[in-house]
Amino acid sequence: MTVSFPVSVLDVVPVWNGSTATRALRDSLDLAVAVEQLGYTRYWVAEHHNTPCLATATPPVLVGALLAATRTLRVGSGGVLLPNHAPLVVAEQFGTLAALHPGRVDLGVGRAPGTDAVTARALRRAPDGADQFPGELAELLGYFGPTAQPRAITAVAAAESTVPVWVLGSSPGSARLAGSLGLPYAFAHQISPTLTASAFAVYRESFRPSGHLDRPHAILSAVVVAGESDEHAEKLIAPYLLGQIRLRTSGRLDPFPTAAEEESHRYTAPERAFVADRIAGQVVGGPETLRRRVAQLRAETGADELMALTILPDATDRRRSYALLADAVRPAVTHA
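As a starting point, this report considers the structure included with it.

So, on to the overall build of the protein chain. Of the regular secondary structure elements, the protein chain holds 12 helices and nine strands. Its C-alpha atoms give the protein chain a radius of gyration of 19 Å, within 12% of the compact-globule value 20 Å for 336 residues. By principal-axis analysis of the C-alpha atoms, the protein chain measures approximately 65 × 45 × 35 Å. Looking at the protein chain residue by residue over its 336 residues, the buried ones come to 53%. For the protein chain, long-range pairs separated by at least 24 residues make up 74% of all intrachain contacts whose partners lie at least 6 apart in sequence. Total accessible area on the protein chain is roughly 14,800 Å²; 54% of this is exposed by carbon and sulfur atoms.

See the structure below:
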C-alpha cells in the first residue's frame, strides 16, 4: 500500500525527568532542521503555561528561533491560545515574523487556556475567555493584509502580511466556526479521537469560500510513534503513556518519566487497558502499520494533511520516528 500524504510536526517540547526545559528547547531546534531535510511541510509549536513537562510557554519566540534555524519549512503556532493574549499583540508578533520570513509563517489559534485556573488569572485571561474567542478571532483577522478602509489601529507589519490563520480545535463547534469563516482547520485527534470524523464533516458542510481560502483544508493532528516494528514502537511510546497515567492519577504535570522508570513500573490491569486504548486510537507501529493506519484515518476523515505529535525521551529515536513516518506516507521524499 502506498500513501502520498503531506506530513507535518506538532511539537510540545517535552521535558523528561532528569533533563531541563533548556535542553528540550535546543532539541526542538535540531529536530526542525532534521524534519526539513525529510521533506516535512510544517513545524508548529503549542502553548502551555505552568506545565513543567512541556517547555512551550512562548510560541512566537520559539517560532522565530525555528524560522532562523531552517530555510524552507513553514513554521507556526499550534497554537496561540487567543483568549490569553490581546489580538493586536498577536498580530504584531506574527506580522513581524512574516516580514522577516515571508511565505513561511502560520498562525494557528485556539480558545483553551492551556493551563490551570490560577495561572490563567496570572495571564490576565478573562473568566469567559473561551466565549470571547469568535470576536477576538475576528479582531485578529482584521489586522492582517491591506484594507480599502483606513484602520483606527494599525498592527505594524501585520497590515503588510497575509499570514494564514488556522482555527484549532477538538470539537465540532470549532470546526463549524472555521468553516463559516472560510479558514483552514486543524483538529486535535490526540485529544478527541472519537470526534474526528464528525468534526471534519461539520467543517466541510459549514465551509464558505472566503478571501482566506476558496476550498476546505483540514489538518489531522495525532500522536504518532514509528518504530522498526509494532513492538518497537509500543516500547518507544511507553514512557509517554506512563506519564499520561501519572497525570491522571496524581494531577501533577511533572516531567515525563524516563525509559528506565517505565521499565521498572508494574502496570495494573486498568493501566494496561489505558495503554492499549491509546495505542489503538492513535498512529503507533512499524512501517506497514503506519501505512495502514494513516490510510484508514485519511479515508475516514478526508484530512488533507497529517500533523504528527511524537513524544519520545531519546532525541535520536524521535528523529528516527519522523524519518520512518516520512518513508511510510511519502515514499517519493528524497532524504538530504
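Following the structure, the description resumes.
Turning next to the pattern of salt bridges. Taken as a whole and judged by the stated rule, the model has nine salt bridges. Note that Asp27 is salt-bridged to Arg23, the shortest N-O span being 3.1 Å. Residue Asp27 and its partner Arg23 are both found in helix H1 (residues 21–37); the two are separated by four residues, about one turn of the helix. Asp27 gets classed as partly exposed once you look at its relative accessible area, which sits at 24%. For Arg291, the salt bridge goes to Glu288, with nearest N and O atoms at 2.6 Å. A residue pair is termed a helical-turn pair when its members lie 3 or 4 positions apart in one helix, as Arg291 and Glu288 do in helix H11 (residues 287–301) at three residues.

Once that is clear, we can look at helix H5 (residues 129–142). Helix length check: H5 (14 residues) gives 19 Å between terminal C-alpha atoms against 20 Å at 1.5 Å per residue, within 8%. In the structure, H5 departs most strongly from a straight axis at Gly135, where the bend amounts to approximately 35°. Within H5 the residues assigned to the buried category are Gly129, Phe133, Glu136, Leu137, Leu140 and Leu141. In the core, the buried residues of H5 are packed alongside helix H3 (87–100), strand S4 (105–110), strand S5 (165–169) and helix H6 (172–181).

Moving on, we get to the packing of H6 against helix H7 (residues 196–206). With their axes 7 Å apart at the nearest point, H6 and H7 run at an angle of 25° to one another. By the angle between their directions, the pair H6 and H7 is classed as roughly parallel. Read as a crossing pair, H6 and H7 show a hand that is right-handed. Residue-level inspection shows Pro172, Ala175, Arg176, Ala178, Gly179 and Ser180 of H6 in contact with H7, the latter providing Ser198, Ala199, Val202, Tyr203 and Ser206. When the residues that make up the contact of H6 with H7 are grouped by side-chain class, the tally is six nonpolar, four polar and one charged.

Residue Gly78 is joined to Gly79 through a cis peptide bond whose omega torsion reads 5°. For Val13, which is not a glycine, the phi torsion comes out positive at approximately 50°. In this structure, Asn50 takes a positive phi of about 50° despite not being glycine. Mapped onto the elements of the fold, Asn50 is located in the loop between strand S2 (42–45) and helix H2 (59–69). According to the relative accessible area criterion, Asn50 is exposed, its value standing at 51%.

For the rest of this paragraph, the subject is the packing of aromatic side chains. Inspection of every chain in the model, using the stated rule, returns nine aromatic pairs. Here the aromatic rings of Phe187 and Phe200 are separated by 6.1 Å at their centres, their planes lie at 85°, and the arrangement is edge-to-face. In this pair, Phe187 sits in strand S6 (residues 185–188) while Phe200 sits in helix H7, placing the two residues 13 residues apart along the sequence. By relative accessible area, Phe200 is classed as buried at 0%. These aromatic residues form a ring-pair network of at least three members: Tyr185, Phe187, Phe200, Tyr203 and Phe207.

Our focus in this paragraph is H2. For H2, every residue scored as buried is listed here: Pro59, Pro60, Leu62, Val63, Gly64, Leu66 and Leu67. In this fold, the buried residues of H2 make contact with H1, S2, strand S3 (74–81), H3 and S4.

Packing of H2 against H3 brings their axes to within 10 Å, and their N-to-C directions diverge by 5°. When the axis of H2 is compared with that of H3, the two are roughly parallel. Residues Pro60, Val63, Gly64 and Leu67 of H2 pack against Gln93, Phe94 and Leu97 of H3. A per-class count over the contact of H2 with H3 returns five nonpolar, two polar and no charged.

Thresholds applied
Residue positions are given per chain, counted from 1 along the sequence in the order it is written. Predicted model: local features are reported for residues with pLDDT of at least 70 only, side-chain atom pairs are reported and counted for 80 or more only, and whole-chain, interface and lining totals are derived from all residues. Heavy atoms throughout the structure, all of them, feed into the side-chain values; hydrogens and water do not. Numbering of helices and strands runs from the N terminus; a helix is a DSSP stretch of H or I covering at least four residues, while a strand is a stretch of E covering at least two. Values of the radius of gyration come from C-alpha atoms, whereas the globule rule sets the reference at 2.2 Å times the count of residues to the power 0.38. Exposure classes here rest on a 1.4 Å probe applied to the protein chains alone. A residue is buried below 20% of its type maximum, exposed above 50%, and partly exposed in between. Residue contacts follow a heavy-atom distance rule, with two residues in contact if any of their heavy atoms lie within 4.5 Å. We get accessible surface area from the Shrake-Rupley algorithm with a probe of 1.4 Å; when it comes to residues, only the shown protein chains can shield them. Note on definitions: salt bridges are taken to be side-chain nitrogens of Lys or Arg within 4 Å of carboxyl oxygens of Asp or Glu. To estimate the expected span of a helix, count its residues, drop one, and scale the result by 1.5 Å. Two axes are fitted around each residue, one to the seven residues ending there and one to the seven starting there, and the angle between them is reported as the bend at that residue. Under this scheme, a helix contributes an axis fitted over its contacting stretch, all axes are lines through C-alpha atoms, and angles between N-to-C directions fall in the 0 to 180 degree range. Reported orientations rely on four angle classes, namely roughly parallel under 35 degrees, roughly antiparallel over 145, roughly perpendicular from 65 to 115, and oblique for the rest. Left-handed is the label given to a crossing in which the near helix is rotated counterclockwise from the far helix by less than a right angle, and right-handed is the label when the rotation is clockwise. Each residue is assigned to one of three groups, with Ala, Val, Leu, Ile, Met, Phe, Trp, Tyr, Cys and Pro labelled nonpolar, Asp, Glu, Lys and Arg labelled charged, and all others, Gly among them, labelled polar. Aromatic contacts are taken between Phe, Tyr and Trp rings whose centres are within 6.5 Å, Trp giving its six-membered ring; a plane angle under 30 degrees counts as stacked, one over 60 as edge-to-face, and the others as tilted.

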